[in-house]
Amino acid sequence: YIVECGETITTVCVGFDEDLGIWSQSIGNCVAATSTTTHVTCACDVDATAETPTDYTTIDETVAFAVIGQAFIHSQEPTNSPTLRPVPNPTATPGNPTRSPTSGPPTASPTEASCESIREKFLNELPADPILTKASFSSTGAAVTFLFNGPTDQMNIETGIPFACSRLLSFPTVEAAECQWTNEGEVYADVSAAFGILPDIDVELISNVLYAKCPQDDLIYGHRCECLEAASASITVVEPPDPPLVPVPIIQGPTLAAACEGFTLDTSQSSGGGGREFTWYAWDVELDFSDSTPTSVENATLALDTAKARIGESSTFSLLGSESTALASAGVVGLKVTLTLRNFLLGEALSDEFSVELTTEAVPSLQFVGGLQQFVARPAILAIRVNAIATSCDDRPLSERSVSYTWQLDEINDEGALIPTGLTSTSTDPRQFKLEPYSLTAGSTYTLSVTVTDDVLGVGSSTAAELVVIRSAVVALIDGGDRVVPFFGRVEIIASPSYDEDVADLTGVTAGLSFYWTCQRLSAGLHDCTSAFWEQRESEVLDINGQDLGSGVFSIAVNVTSIDGRLSSAAVRIEVVNDDPPRVSLGAIPTRVTVAARLVLLAECAPSSLDLAVSEDLGFNSTWRVQSALAGGRGLEEWATTETHLVTSAQTRRHDLVVPSGALVSGATYTFVLEAALEEGSSRGSASITVVVARPPSAGIVNSEPQAGFALETRFQFSTSYWVAEDLPLSYEFLSLQSNGQSSTLRGPTRQTSLAGVVLPAGTPNISIVVVAHDTIGGEGKAARSVRVSPTN
């Protein structure tokens, strides 16, 4: 290896092991040392500065010089005592830093050692065989995460690519589970359809299918990956979610029902089922009487028991017209209904009480989609829907059962009084009350009332829902990212991009946020270093002198607090070096994104952190890299739509990175790093930012009733259920998709999980009904059902 004047190099020594017939790394570093046991001769300068250009070779060409990141090997049969000799003023071949050997022709290549010999000699240095160490249900209950004891070869399956779990694991109903690698040591499995996997059961890693990751840069065995052995079977027990998954029962239905036609309460808005049907529905009903007698109570109890026997452990509670009429005849004027839900993980919860008033009048049926108490966010569009239809007691056709709607939104003050807001719906659909973002006050509670009137009989029905406007998150952001800064310079750490999601179009102090900074030294022992900026600790921007921190690595954190006490934190890692590295700064972005997100990372690079004059004749390069596998195993340079490596003259410039939608793997954590170096510079500048990719809604199914019909004639009813998500609540969009790819929106996103009265064109012969579930941060999941739609005769 040719060492230029003044160049500092770090080398390791490798040589030919005559006993095993392989190239191997010697123990430690050496200078002109000879090992008689392995017949290895090394000539290595460690962290040495060469006085003159020198090419160290041996007469027998036995020595291999390995410079970090690249090896230059000359192989001939070794002799017992090779002699080193300098060769002055070598001429390097372009593209190859070593000069061709000048000795005689090479002999035959050494015989390759057996894998058994390698494993025996390097037993303690080979990576451990993969062992399945942990299996645990996700927080949603619809997935299981499997962890291994170290990096694996991932069965040569790229990160984020789905594969059948049965190729890797064994557990009950594994054939219904779908897996994907999140990283080299973690597998994420969708088990929403694998009903056999439960807490406390055994899961087995199948033998002879998984290998440890082969470190290609390790000169001991990196070129002999075939010598790694396949993992043996290993077993672990599936753990339940931590914290436990608890159902959230929600009852929706009419609060006023005509006894002549009965009513239905459903639980389709309930969550916490873990992507499966709840294992237990227990309905409890308390009757309210206008004037009870022993006989009336007995008659009412008999009618109710008949209904409960029919309902059993159904997901809906319904009273037929005959049953509700019998109750009304017995003096019942209302029912108070509660529901206990249990999921397959044994989580159990009791619903709030839901009251239904019974009347002998033929009133319209009216119910809020999503229940009578709904939680909404100030930054989100408010869209509340009701289902209403005129009575069927008089046997009118469906076309004559229309109703009119009247909405009223009132705020509940501290005394419980209703204060009219004067806000009116912006929706063109009279069944929906819609407001633009930031229309409501965070932390307040509202009553949304609706009255529907039968367009034929003029009879009305009213109900109201309570809207609780939850306080949204405070988001702490720090501009610049983790970075390297100079000892004799200043560094600005800016938290002014932080924002309150409840405050529109403002950030930092102008959004009513307050700041408090702290510092901890991470190198040379942990200790507090807030004194370096004590006077600035409550500002939104820190301007710190590197000398006040001192050389080392520091974590500088900020707590960002809203006026009402909501808090968020962020931190950056600052490395202070006694040099002038290039300045690299990244723009702040949210640290949690959807899997479909398009990332735009804004960055600025300057050749000097101290703003010193630098000759523009020098080259200035910057390179983006990412510390996790992107989708399909493709590198950042393959995915990015901007250049990942730039070489320019030495001047301040931008180097933004755009990562398109589709590049991220759900559930993964990515650290994007931008490094910059100046030609002939002694240090590199860098900055980094980390994002977590949220998992989108999943595990949903679509049902159709009927499953086949005739074009423009059959009225289909579609419903969707079993969805799980990290960012609730969900809204559901219904689409139809024909075989030629043409799609039509049947209904835009609403909280309602069903869609009735749909007529479809003829299929060829089928049409796919697609439900898109939307979460609160923009994530989407899809489920589909094919229905046969024949031409009408």
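Residues numbered from 1 in each chain as written. Predicted model: local features only at pLDDT ≥ 70, side-chain atom pairs only at ≥ 80, totals over all residues. Heavy atoms only, no water.

Q: Hey, could you run me through the nonpolar core in this one?
A: L599, W624, L636, L657, L664, Y670 and F672 are the most contacted members of the largest nonpolar core, which totals 33 residues. Of all elements in the fold, only β43 (583–586), β45 (599–601), β46 (603–606), β47 (619–626), α5 (636–639), β50 (657–659), β51 (669–678) and β52 (684–693) reach the threshold of two or more residues within this core. Per-element accounting of this core gives the leading share, five residues, to β51. Formed by 31 residues, the second largest nonpolar core is a distinct cluster that contains L169, A194, A231 and V238. (Core = buried A, V, L, I, M, F, W, Y, C linked by side-chain atoms within 4.5 Å. Buried < 20%, exposed > 50% of the residue type's maximum accessible area, 1.4 Å probe, protein only. Helix = DSSP H or I, 4+ residues; strand = E, 2+ residues; numbered from the N terminus.)

Q: How should the sheet that holds strand β49 (residues 653–654) be read in this particular structure?
A: Spatial ordering of the open sheet is given by β43-β46-β49, a layout of three strands whose pairing is antiparallel. Each edge of the sheet is formed by a strand with only one pairing partner; in this case those strands are β43 and β49. Here four bridges tie β43 to β46, and the two strands are oriented antiparallel to one another. Within β46, the residue paired with S585 across the bridge is E604. (Pairing = 2+ DSSP bridges.)

Q: What am I meant to see in the packing of helix α2 (residues 294–311) against helix α3 (residues 321–329) here?
A: For any two helices packed against each other, one specifies the crossing angle of their axes together with the interaxial distance. Across the interface, α2 lies against α3 with an axial gap of 8 Å and an inter-helix angle of 160 degrees. As far as their axial angle goes, α3 and α2 are roughly antiparallel. Viewed along their axes, α2 and α3 form a crossing whose handedness is left-handed. Residues A300, A303, L304, T306, A307 and R310 of α2 lie in contact with α3, whose contacting residues are E323, A326 and L327. Of the residues assigned to the contact of α2 with α3, the class counts are six nonpolar, one polar and two charged. (Axes fitted to C-alpha atoms, helices over the stretch in contact; angles between N-to-C directions. Parallel < 35°, antiparallel > 145°, perpendicular 65-115°, else oblique. Left-handed = near helix turned anticlockwise from the far one by under 90°. Contact = heavy atoms within 4.5 Å. Nonpolar A, V, L, I, M, F, W, Y, C, P; charged D, E, K, R; others polar.)

Q: Help me understand α2 in this model?
A: For an α-helix, the turn length of 3.6 residues means that residues three or four places apart are oriented alike. The terminal C-alpha atoms of α2, which comprises 18 residues, lie 25 Å apart, in line with the 26 Å expected from a rise of 1.5 Å per residue. Inspection of α2 places S296, A300, A303, L304, A307 and I311 among the buried residues, and these make up the whole buried set. All buried residues of α2 fall inside an arc of 95 degrees around its axis, so they share one side. More than 90 degrees from the buried face of α2, the exposed residues found are P294, T295, E298, L302 and A309. (Expected span 1.5 Å × (residues − 1). Arc of directions from axis to C-beta.)

Q: Looking at this structure, how should I read the pairing of strand β27 (residues 373–377)?
A: Residues in a regular strand point their side chains to alternate faces of the sheet. Residues Q374 and V376 line the buried face of β27, whereas the alternating positions Q373, F375 and A377 sit on a face that is not buried. When β27 meets strand β33 (residues 460–470), the two strands line up parallel, connected through five bridges. Within β33, the position partnered with Q374 by the bridge is L467.

Q: Just checking my understanding: could you explain the packing of aromatic side chains for this structure?
A: In this description, an aromatic ring pair is defined by two values, namely the gap between the centres and the angle between the planes. Summed over all chains, the structure comprises 11 aromatic pairs. Plain terms: the ring middles of F146 and F171 are 6.3 Å apart, the flat faces sit at 20 degrees to each other, and that makes the pair stacked. With F146 in strand β12 (residues 143–148) and F171 in the loop between β14 (169–170) and β15 (178–183), this residue pair connects regions lying 25 residues apart in the sequence. You'll find F146 and F171 in the same group, each marked buried. Linked through ring pairs, F263, W283 and F317 together constitute an aromatic cluster. The positively charged end of R537 is found above the aromatic ring belonging to W534, 3.7 Å away from the centroid. Lying over the aromatic face of W639, R634 brings its terminal NZ or CZ to 4.0 Å of the ring centre. (Phe/Tyr/Trp six-rings, centres within 6.5 Å; stacked < 30°, edge-to-face > 60°. Lys NZ or Arg CZ within 6 Å of the ring centre and 35° of its normal.)

Q: Sorry if this is basic, but what is going on with the pattern of salt bridges here?
A: A side chain with one charge may pair with a side chain of the opposite charge, provided their charged atoms come close. Applying the stated criterion across every chain yields a total of 17 salt bridges. Its salt-bridge partner being D454, residue R396 comes within 2.6 Å of it at the nearest N-O pair. In this pair, R396 is assigned in the loop between β28 (382–389) and β29 (403–412) and D454 in strand β32 (residues 445–454), connecting sequence segments 58 residues apart. We classify D454 as buried; its relative accessible area is 2%. (Salt bridge = Lys/Arg side-chain N within 4 Å of Asp/Glu carboxyl O.)

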